[in-house]
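# Summary of structural features
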Amino acid sequence: MIAYQISIFAENKPGKIAHLTSVLGKEKINIRATTISTADTFGVINLIVDDPKRAETVLTQAGLTVHLRSVLAVLIDDKPGGLDNLMQLLYQEGININNAYGFVLESSKKAVFVVDVDQTEKTEKLLEENGFQTLDTQALSSIEPTHNVK
Amino acid sequence: MYWEKNVETIDRKKLEELQLAQLKDTIKRTEKSYYYGKLFQEKNISANSIKSLEDIQKFPFTTKDDLREHWPYGFIAVPKDELVRMHSSSGTTGRATVVFHTASDIAIWSNLLARCMFMTGMRKSDVFQNMMTYGLFTGGLGFHYGAEKIGALVIPAGAGNSKRQIQLMMDFETTVVHVIPSYALHLSTVFTELKIDPRKDTKVKIAFLGAEPHTEKMRRKIEEIYGYKAFNSYGLSEMNGPGVAFECPQQNGMHIWEDSFLVEIIDPKTLAPVADGEEGELVMTSLQKEGMPLLRYRTKDLTRIIPGICPCGRTHRRIERIKGRSDDMLILKGVNIFPMQIEKKLMEIADVGTNFLIILDRADFNDSMTVKVEVNKKYFAGDIKQLEILRKKITEELKGELLITPKVDLVEPDSIPKGEGKAVRVIDNRKD
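Bear in mind that the values here come from a model prediction, so they are computed numbers and not experimental data.

### Comments concerning the interface of chain B and chain A
In this assembly, 19 residues from chain B lie in contact with 21 residues from chain A. Taken together, the two surfaces of chain B and chain A that pack against each other cover about 1,600 Å², and 59% of this comes from carbon and sulfur. Contact with chain A buries area across many residues of chain B, yet Phe380(B), Ile384(B) and Glu412(B) alone supply 40% of it, more than any other trio. The tally of links between chain B and chain A comes to 2 salt bridges. The closest approach of N and O atoms between Lys372(B) and Glu11(A), which form a salt bridge, is 3.8 Å. Between chain B and chain A we count 5 residue pairs in polar contact (both at pLDDT 80 or more) in total. Put simply, the parts of the chain that give the side of chain B that touches chain A at least two residues each are strand E19 (366-375), helix H12 (384-402) and strand E20 (407-411) of chain B. At 5 residues, H12(B) tops the list of elements feeding residues into the side of chain B that touches chain A. For the side of chain B that touches chain A, the per-class residue count stands at 8 nonpolar, 2 polar and 9 charged.

### Looking at unusual backbone geometry
Residues and elements named next belong to chain B. The amide bond that connects Trp71 to the next residue, Pro72, takes the cis arrangement and shows omega of -5°. Tracing the backbone shows Pro72 in the loop between helix H4 (64-69) and strand E1 (83-88). In the Ramachandran plot, Leu271 falls in the positive-phi region, its phi being about 65° despite a non-glycine side chain. Looking at the element boundaries, Leu271 is found in the loop between strand E10 (261-266) and strand E11 (280-286). The class for Leu271 is partly exposed, based on a relative accessible area of 32%.

### A closer look at the pattern of salt bridges
Residue and element names in this part refer to chain B. Applying the stated criterion to the full structure yields 42 salt bridges over all chains. Taking the shortest distance from any N to any O, the salt bridge between Arg68 and Asp65 comes out at 3.1 Å. Taken together, the positions of Arg68 and Asp65, both in helix H4 and 3 residues apart, correspond to about one turn of that helix. A relative accessible area of 17% places Arg68 in the buried class. For Glu216, the salt bridge is made with Arg219, and the minimal N-O distance between the two is 3.1 Å. Of this pair, Glu216 and Arg219 both sit in helix H10 (residues 216-226), 3 residues apart, which is roughly one turn of that helix.

### Some words on the domain arrangement of chain A
When the parts of a complex come together, some accessible area is lost, and that lost area is often taken as the interface size. All names here are of chain A. Looking at chain A, the domain boundaries give domain 1 (3-70) and domain 2 (71-142). At the junction of the two partners, domain 1 supplies 12 residues and domain 2 supplies 14 residues. Here domain 1 and domain 2 share an interface that buries about 1,200 Å² over both sides, 55% of which is from carbon and sulfur atoms. Between domain 1 and domain 2 we count 1 salt bridge in total. In this structure, Arg69 and Asp116 form a salt bridge, with 2.7 Å as the shortest nitrogen-oxygen distance. Inspection of the region where domain 1 meets domain 2 yields 3 residue pairs in polar contact (both at pLDDT 80 or more). Looking at the side of domain 1 that touches domain 2, the elements that each hand over two or more residues are strand E1 (3-11), strand E2 (31-39), strand E3 (42-49) and strand E4 (65-77). For the side of domain 1 that touches domain 2, the per-class residue count stands at 5 nonpolar, 4 polar and 3 charged.

### Remarks on the sheet that holds strand E15 (residues 324-325) of chain B
The strands making up a sheet are joined through hydrogen bonds of the backbone, oriented either antiparallel or parallel. With antiparallel pairing, the 4 strands of this open sheet are ordered in space as E10-E11-E12-E15 (chain B). Of all strands in the sheet, those bounded by a partner on one side alone are E10 and E15 of chain B.

### Some remarks on the side chain of Thr370(B)
One can find Thr370(B) in strand E19. Apart from the residues within four sequence positions on either side, Thr370(B) is in contact with Leu357(B), Ile358(B), Ile359(B), Lys407(B) and Asp409(B).

### A few points about the layout of surface pockets
Residue and element names in this part refer to chain B. When its volume is computed, the second largest pocket comes out at roughly 580 Å³. In terms of lining, the second largest pocket is formed by 22 residues, of which the most central are Pro213, Lys323, Gly324, Asp428 and Arg430. Elements with a contribution of two residues or more to the lining of the second largest pocket: E15, strand E16 (330-332) and strand E21 (426-428). In the lining of the second largest pocket, the residues fall into 7 nonpolar, 3 polar and 12 charged. Mapped onto the domain boundaries, the lining of the second largest pocket takes at least three residues apiece from domain 1 (5-327) and domain 2 (338-428).

### What to know about the domain arrangement of chain B
Residues and elements named next belong to chain B. The domain architecture assigned to chain B consists of domain 1 (5-327) and domain 2 (338-428). One C-alpha centre belongs to domain 1, the other to domain 2, and the line joining them spans 33 Å. Counting residues at the interface gives 14 residues for domain 1 and 11 residues for domain 2. The tally of links between domain 1 and domain 2 comes to 0 salt bridges.

### Concerning helix H2 (residues 12-30) of chain B
The α-helix winds at 3.6 residues per turn, so residues separated by three or four positions along the chain end up facing the same way. Residue and element names in this part refer to chain B. Over its 19 residues, H2 extends 26 Å from the first C-alpha to the last, a length consistent with the 27 Å expected when each residue adds 1.5 Å. Within the span of H2, buried status applies to Leu15, Gln19, Leu20, Gln22, Leu23, Thr26, Ile27 and Thr30. On its buried face, H2 sits against helix H3 (34-43), E10 and E11.

### Topic: the packing of helix H11 (residues 339-347) of chain B against H12(B)
All names here are of chain B. Contact geometry of H11 with H12 gives a least axis separation of 10 Å together with a crossing angle of 140°. Overall, the two elements H11 and H12 adopt an arrangement that is oblique. At the point where H11 passes H12, the crossing takes the right-handed sense. Residue-level inspection shows Gln341, Ile342, Lys345 and Leu346 of H11 in contact with H12, the latter providing Ile394, Glu397, Leu398, Glu401 and Leu402. Tallied by class, residues from the contact of H11 with H12 come to 5 nonpolar, 1 polar and 3 charged.

### Quick look at the pairing of E4(A)
All names here are of chain A. Along E4, 10 of the 13 residues are buried, which leaves the element largely enclosed by surrounding structure. Pairing geometry for E1 and E4, over 7 bridges, is antiparallel. Within E4, the residue paired with Ser7 across the bridge is His67. When E4 meets strand E7 (residues 133-135), the two strands line up antiparallel, connected through 3 bridges. Residue pairing in the sheet places Ala73 in a bridge with Leu135 of E7.

### Side note on the packing of aromatic side chains
Under the criterion given, the structure shown has 16 aromatic pairs over all chains. With 6.2 Å between their ring centres and 50° between their planes, Phe128(B) and Phe208(B) make a pair best called tilted. Pair noted here: Phe128(B) is in strand E3 (residues 127-130) and Phe208(B) is in strand E6 (residues 206-209), with a separation of 80 residues, a long-range link. Phe208(B) carries the same exposure label as Phe128(B), and that label is buried. Plain terms: the ring middles of Tyr226(B) and Tyr228(B) are 4.9 Å apart, the flat faces sit at 5° to each other, and that makes the pair stacked. For the residue pair Tyr226(B) and Tyr228(B), the accessibility class agrees, reading buried in each case. Clustering of aromatic rings is evident, with ring pairs tying together Tyr35(B), Tyr36(B), Phe40(B), Phe59(B) and Phe75(B). If you follow Lys53(A) out to its NZ or CZ, it ends over the ring of Tyr4(A), 4.8 Å from the centre.

Conventions adopted
Residues numbered from 1 in each chain as written. Chains lettered and ligands numbered in written order. Predicted model: local features only at pLDDT ≥ 70, side-chain atom pairs only at ≥ 80, totals over all residues. Heavy atoms only, no water. Contact = heavy atoms within 4.5 Å. Buried area = accessible area lost by both parts, 1.4 Å probe. Salt bridge = Lys/Arg side-chain N within 4 Å of Asp/Glu carboxyl O. Polar contact = N/O pair within 3.5 Å; in protein donor to acceptor, adjacent residues only side chain to side chain. Helix = DSSP H or I, 4+ residues; strand = E, 2+ residues; numbered from the N terminus. Nonpolar A, V, L, I, M, F, W, Y, C, P; charged D, E, K, R; others polar. Buried < 20%, exposed > 50% of the residue type's maximum accessible area, 1.4 Å probe, protein only. Domains from an automatic or database assignment. Pairing = 2+ DSSP bridges. 1 Å grid on protein atoms, 1.4 Å probe; cavity = no way out; pocket = protein on both sides within 12 Å on 5 of 7 lines; lining within 4 Å. Points joined across faces, edges and corners; volume = space filled by probe spheres on them. Expected span 1.5 Å × (residues − 1). Axes fitted to C-alpha atoms, helices over the stretch in contact; angles between N-to-C directions. Parallel < 35°, antiparallel > 145°, perpendicular 65-115°, else oblique. Left-handed = near helix turned anticlockwise from the far one by under 90°. Phe/Tyr/Trp six-rings, centres within 6.5 Å; stacked < 30°, edge-to-face > 60°. Lys NZ or Arg CZ within 6 Å of the ring centre and 35° of its normal.

So this is what it looks like as structure tokens:
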């Protein structure tokens, strides 16, 4: 399943993230994970949120430069070697990762690893054939610390 | 103390008679050019329209745009075979203006520069290090020829390469330099780095500061650092290049050589002449040029005539150091830049908006330019690599156009404030 990452272009200066989080907070949009990559004077903020389409709308309305990007959110075991299983598979298949980040579920049994790859659909198929579960937006937003994700 | 005493101290009345005769000759010469020939016919004017110097006002102004529109040969007033040299105001494509010289033009120009340099105390025994760009830019070759005319030993060092400049200065015991003021300040930091004290360890006693406007405070600072006398120089390629006006030992205004140029100061808005002492735009008519004589050329440089007689004995009037421009041209490290050049380049790149901001800064005596550019909303695909590529592309494109490398900052769409009417495109933070 395909998940969506919301990317925001911003100048590298104080208050930029605060502006972003104030909009999302007011709109009661929940952030699941974030990463920021910077290049000197500017950067890109990547977010996994519970309602990416609405986040795109409200952030655009707030004057931000936003792009919705499809990514794969892969469920992995939260134990040594858990991420390695996934990485070995992608490596064997020659799939390049442009950006990746993960977050641990509080159950401490599973973790979610978000990968941004060139061939999203092909990779999704590959992952499912090899027994990995990918989460869509709905699944991502329903992940609660106490809930077990199937 | 004078290079040509009879010319430099000429009686004002005689000077004006000379100018009147030269003006008539100049108009006769310009008539042979495509541009002026046509213009005189349309307006029904000719050398006969001139009875007094004030009659120059019957002739229209000539602007840089006129030169561009009739690029490259529309203003030449002699057969092409007579031309021996071309120069260009700046090396940029498209908007460059070219000027042409005959052998006589080069000789007269060299003599004017010899006159300027001799006036400050430079002699045949001096070693002259010319730290200016050679090539299309007039500053390098102009001074080079003038110094040779005096008979000095010339080191054609060219611009940049600070350590080699210092080495040359030490090895050949340079006594006179020609340098861009911002570069003189930058070079002082290299002296410090090398633990060489320019006041004690070099023999330089005279510096000519040119190619960019600077303040009195900056000149005094340069003199303080180096322990030499620094003289202000004014010129523009359309009037030969350097050697149009120059400071005498009084260091109080630049004598503008009125045997070669007819000077007017006008109000840039009403275009009416202003009285001596009042600030306005400098307008010049060449009185001796053959290859490409120009009438009432609008320099866009703002200055004023300093009233009164100079104690040095020269009767040619003085202009004050240039206060600014009546157009939006910027000068950075001696390079002329129009914001329009940047706008044009950015318009060719679809991935950015045309709203941009130029910021000029000075740090550690080094001038720099930052161009803030708004990214096109549609271009952004959440990818930082793509933005880096875009930034590199813009930097390269602007470097190709401006010949200096700006720092490019990508900013969010609509983040640069749009000015009322004409957008504010330039912030100049350069202080003394």
